[in-house]
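One-letter residues, chain by chain:
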Amino acid sequence: LLLNLQNLYESLYDALNQYYVFLGGQKYVDLGLGTHRVKCRVHAQFRLIVIEEKEVVYKQFPIPLINRLEKHYLDINTVLNKQDKDLVQQLEAWVKQFCSVNSAQVPQNYSPSDVFIGYHSDACASVILQVTERLRQSSESSDTSMRILEEAQFVLLNSATPDSVVRLGDNQLDIFTGEKLFKEYFVKQKHSSLVDFIHHHTLVSQPQHSAFTEVTTFSRLMTGLDIESLEGEVNDIIPNVLVLSLQQFDTEYSFLKS
């Protein structure tokens, strides 16, 4: 299973273009090791799976390699049932209403990616799947679908920009819904302080050994004085604060390994 290994893709064609022979019911291939050729047995159930974005395949993969591979296109919607797909459609409609601006004082049109940080075409489906797995098994009430939709809206709201929440009075959502989302964003969710977010996140999260959380901010980079201040604020729950720069890492694997 190959993922994010672009450096190997050009060599895959050579590996798949080898001459395979059958001997005694087994499949063999000749591999070169330096100046020697070794006949290696290939497992009967061996499969080579390459996972990559569609655009990367079309633009960067060598044509001979593409022709050698059996291609399947998958997106998050393929793992959703009919009820979940209906919820996705409702959530996407809510996103459009959230992004809309009816005020003549704000003529600019906002796309979902402008309003929700990291939004993409599969964002709503991914959120519905995440919330469904968390709520559906633990809830026995008849309004499970409505709860899933509301929780999914709050998940997306957590990634919204502050100015988009301030504009809630000028979009297509009703006043009651706008006030509810405004309170959820600025009171219950923590967006004004990293310290408040860390404390809130550790309190509401289930006990576990570790948690991976990505925080997007438009603030400046943290200085040494900021790090010392943060350590003093969260030392009761996080004994050590380590700050790393993405420029230190060449690949995603090296980042995760650290």
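Heads up: the structure comes first, above all this text.
On a predicted model such as this, the values are computed, not experimentally measured, just so you know.

Visitor: Please explain helix 9 (residues 175–188) as it appears in this structure.
Guide: Structural remark: α-helix, 3.6 residues per turn; residues separated by three or four positions point the same way. Here helix 9 contains 14 residues, and its C-alpha end-to-end distance of 19 Å stays within 8% of the 20 Å for a straight helix at 1.5 Å per residue. Buried within helix 9 are the following residues: Gly178, Leu181, Glu184 and Tyr185. The buried residues of helix 9 all sit within an arc of 130° when viewed along its axis, so they share a single face. More than 90 degrees from the buried face of helix 9, the exposed residues found are Ile175, Phe176, Glu179 and Lys183. Packed against the buried residues of helix 9 are helix 4 (82–99), helix 7 (144–157) and helix 8 (162–166).

Visitor: I tried to follow the side chain of Arg167 on my own but got confused; where do I start?
Guide: With respect to the helices, strands and loops of the structure, Arg167 is situated in the loop between helix 8 and helix 9. We classify Arg167 as buried; its relative accessible area is 13%.

Visitor: Which parts of the structure should I look at to understand the packing of helix 7 against helix 9?
Guide: Geometry of a packed helix pair, given as the angle between the helix axes and the separation of the axes. Two elements in contact, helix 7 and helix 9, have axes whose closest approach is 10 Å; the angle formed by their N-to-C orientations is 55°. Looking at the two axes, helix 7 sits oblique to helix 9. Crossing handedness for the pair helix 7 and helix 9: right-handed. Facing Glu150, Phe154 and Leu157 of helix 7, the residues of helix 9 in contact are Lys180, Leu181, Glu184 and Tyr185. Along the lines of polarity and charge, the residues of the contact of helix 7 with helix 9 split into four nonpolar, no polar and three charged.

Visitor: What should I look at first to understand the packing of aromatic side chains in this one?
Guide: Both the distance between ring centres and the angle between the ring planes are used here to describe each pair of aromatic rings. Taken as a whole and assessed by the stated rule, the structure comprises six aromatic pairs. For the pair Trp94 and Phe116, a centre-to-centre distance of 6.2 Å together with 35° between the ring planes defines the contact as tilted. Here Trp94, found in helix 4, pairs with Phe116, found in the loop between helix 5 (112–115) and helix 6 (123–135); they are 22 residues apart in sequence, far enough to count as distant. Neither residue differs from the other here; Trp94 and Phe116 are each classed as buried. Judged by centre distance (4.7 Å) and plane angle (45°), the ring pair of Phe182 and Phe186 falls under tilted. Taken as a pair, Phe182 and Phe186 lie in helix 9 at a separation of four residues, close to a single helical turn. An aromatic cluster is built from Trp94, Phe98, Phe116 and Tyr119, whose rings are joined through pairwise contacts. In this structure, Lys54 packs its charged tip against the face of Tyr73, placed 5.1 Å from the ring centre.

Cut-offs applied
Residues numbered from 1 in each chain as written. Predicted model: local features only at pLDDT ≥ 70, side-chain atom pairs only at ≥ 80, totals over all residues. Heavy atoms only, no water. Helix = DSSP H or I, 4+ residues; strand = E, 2+ residues; numbered from the N terminus. Expected span 1.5 Å × (residues − 1). Buried < 20%, exposed > 50% of the residue type's maximum accessible area, 1.4 Å probe, protein only. Arc of directions from axis to C-beta. Contact = heavy atoms within 4.5 Å. Axes fitted to C-alpha atoms, helices over the stretch in contact; angles between N-to-C directions. Parallel < 35°, antiparallel > 145°, perpendicular 65-115°, else oblique. Left-handed = near helix turned anticlockwise from the far one by under 90°. Nonpolar A, V, L, I, M, F, W, Y, C, P; charged D, E, K, R; others polar. Phe/Tyr/Trp six-rings, centres within 6.5 Å; stacked < 30°, edge-to-face > 60°. Lys NZ or Arg CZ within 6 Å of the ring centre and 35° of its normal.

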